Amino acid sequence: MSKKFYVIWKGAKTGIFTTWPEVQQHTAGRSDAQYMGFESKGAAEQAFAATYTKALMQRSLNNKGTASTAPNSSRKASSSKGTRAKTATVSPNGPSDVEIYCDGACSPNPGKSGTGIAVYEQGKVTSLYYGLYEKNGTNNTAELNGLLSSFQLAQHFIDKDKEQSICILSDSKYSIDCITKWAKGWQAKGWTRGKGEEVKNLALVQQCYALYKTMHTKITIRHVKAHANIEGNELADRMAVLARKQHQETMIRYSEVIDIKALLALQSG
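Residues numbered from 1 in each chain as written. Predicted model: local features only at pLDDT ≥ 70, side-chain atom pairs only at ≥ 80, totals over all residues. Heavy atoms only, no water.

The secondary structure content of the protein amounts to 8 helices and 9 strands. In the protein, which comprises 269 residues, the proportion classed as buried is 48%. Restricting to contacts in the protein with at least 6 residues of sequence separation, those with at least 24 account for 68%. Counting only carbon and sulfur atoms, one obtains 51% of the accessible surface of the protein, whose full area is about 13500 Å². (Helix = DSSP H or I, 4+ residues; strand = E, 2+ residues; numbered from the N terminus. Buried < 20%, exposed > 50% of the residue type's maximum accessible area, 1.4 Å probe, protein only. Contact = heavy atoms within 4.5 Å. Areas by Shrake-Rupley, 256 points an atom, 1.4 Å probe, with all protein chains shown as cover.)

Below, the structure is given as structure tokens:
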């Protein structure tokens with residue numbers, strides 16, 4: 001695997017870094033975080049000398065010039081991968097190499113909110129995250145925070161292996177539609193709705209959409225039913241409740257042993 005270089009334009013610390021843990025340390029829990037991975041130090045230096053917005057625009061243009069499959073379409077196996085079979089299709093009903101479940105919890109609504117994430121690799125849960133507590137949040141802001149954090153994690157996996165199939169799963173139709181259906185029209189209208197109405201949760205929507213545009217051909221976004229005994233969704237829910245109960249403001253990785261049965265027995269949102 002070639003060495004990666006990461007640029008942080010906005011975070012607890014800015015600059016060029018060479019490891020993903022450093023990036024997480026300086027950006028976790030910040031909804032305003034701005035960072036991106038690059039293949040070479042020169043590209044990273046050039047991007048850091050400019051702005052995050054310009055880097056996003058350039059990556060979006062580069063993506064348009066490369067052949068890639070659209071979300072929910074089939075992706076064939078890469079012969080260079082050898083031992084890892086890639087014959088399964090990426091569809092709303094099939095598994096992906098990486099699945100990122102996100103969820104938000106708020107009680108009451110509006111009120112204390114938190115966000116949770118469960119990451120699966122090759123069908124097995126490998127990490128859990130929780131945080132982004134807000135004293136005066138809503139269900140919708142918690143869900144959008146989950147989608148934003150999922151995009152940030154997805155970018156990490158894309159940087160590691162561009163051949164991986166990545167699916168983001170949320171039980172919030174609102175947050176998914178905001179980014180995949182409505183944001184483009186809102187942007188065209190100067191970030192307003194019909195008749196000049198204000199777009200709710202605008203800052204979060206803009207951040208999500210900006211990042212989504214750079215990777216939308218490389219990921220699938222899928223809606224899942226809430227509290228339907230879907231393990232990943234249930235684990236993300238428990239993490240969201242944990243964030244809310246512990247007032248965990250930054251997004252951190254769950255450090256305990258992942259005991260699925262014990263976690264599912266915790267309070268749900």
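Now for the pairing of strand E4 (residues 98–107). Here is the key point about a regular strand: its side chains alternate between the two faces of the sheet. In terms of burial, E4 is largely enclosed, as 9 of its 10 residues are buried. Summarising the sheet, E4 and strand E5 (residues 111–121) pair through 10 bridges and their orientation is antiparallel. Paired with Cys-102 across the strands is Ile-117, a residue of E5. Of the strand pairs in this sheet, E4 and strand E7 (residues 166–170) are connected by 5 bridges, and their pairing is parallel. Each residue of the ladder has a partner; that of Tyr-101, found in E7, is Leu-169. (Pairing = 2+ DSSP bridges.)

Our focus in this paragraph is the packing of helix H5 (residues 173–188) against helix H6 (residues 202–215). For the pair H5 and H6, interaxial distance at closest approach is 10 Å and the crossing angle is 105°. Overall, the two elements H5 and H6 adopt an arrangement that is roughly perpendicular. For the pair H5 and H6, contact is made by Cys-178, Ile-179, Thr-180, Ala-183, Lys-184, Trp-186 and Gln-187 and by Val-205, Cys-208, Tyr-209, Tyr-212 and Lys-213, respectively. (Axes fitted to C-alpha atoms, helices over the stretch in contact; angles between N-to-C directions. Parallel < 35°, antiparallel > 145°, perpendicular 65-115°, else oblique.)

This part takes up the confidence of the model for the protein. For the protein, mean pLDDT is 84; residues scoring 70 or higher make up 84% of the total. Across the protein, the secondary-structure element scoring lowest on mean pLDDT is helix H3 (residues 52–64), at 69, and the one scoring highest is E5, at 97. Overall, residues 65–93 carries pLDDT values under 50, and its contacts beyond four positions in sequence, including any with other chains, amount to 44 contacts. (pLDDT = per-residue confidence, 0-100.)

All right, on to the packing of aromatic side chains then. Across all of its chains, the model carries 8 aromatic pairs by this definition. Relative to Trp-186, the ring of Trp-182 has its centre 5.8 Å away and its plane inclined at 50°; by these criteria the two rings are tilted. On the criterion of helical spacing, the pair formed by Trp-182 and Trp-186 is a turn pair, its members being 4 residues apart in helix H5. Aromatic pair Trp-191 and Tyr-209: ring centres 6.2 Å apart, planes at 80°, arrangement edge-to-face. (Phe/Tyr/Trp six-rings, centres within 6.5 Å; stacked < 30°, edge-to-face > 60°.)

One can find Asp-103 in strand E4. Those residues within four positions of Asp-103 in sequence are excluded, and the remaining contacts are Gly-114, Thr-115, Gly-116, Ala-142, Glu-143, Asp-171, Asn-233, Ala-236, Asp-237 and Ala-240.

Turning our eyes to something else, we now look at the sheet that holds strand E3 (residues 34–38). Across the sheet, which stays open at both edges, the 3 strands sit in the order E2-E1-E3 with antiparallel pairing between neighbours. Looking at which strands have only one partner, the edges of the open sheet turn out to be strand E2 (15–17) and E3. Between one strand axis and the next, the sheet turns by 25° as a mean value, whatever way the strands run. Of the pairings in the sheet, the one linking strand E1 (residues 5–10) to E2 comprises 3 bridges and is antiparallel in character. Paired with Ile-8 across the bridge in E2 is Gly-15. Those strands touched by helix H1 (residues 20–27) are E1, E2 and E3, and its axis lies near 10° from that of E1.

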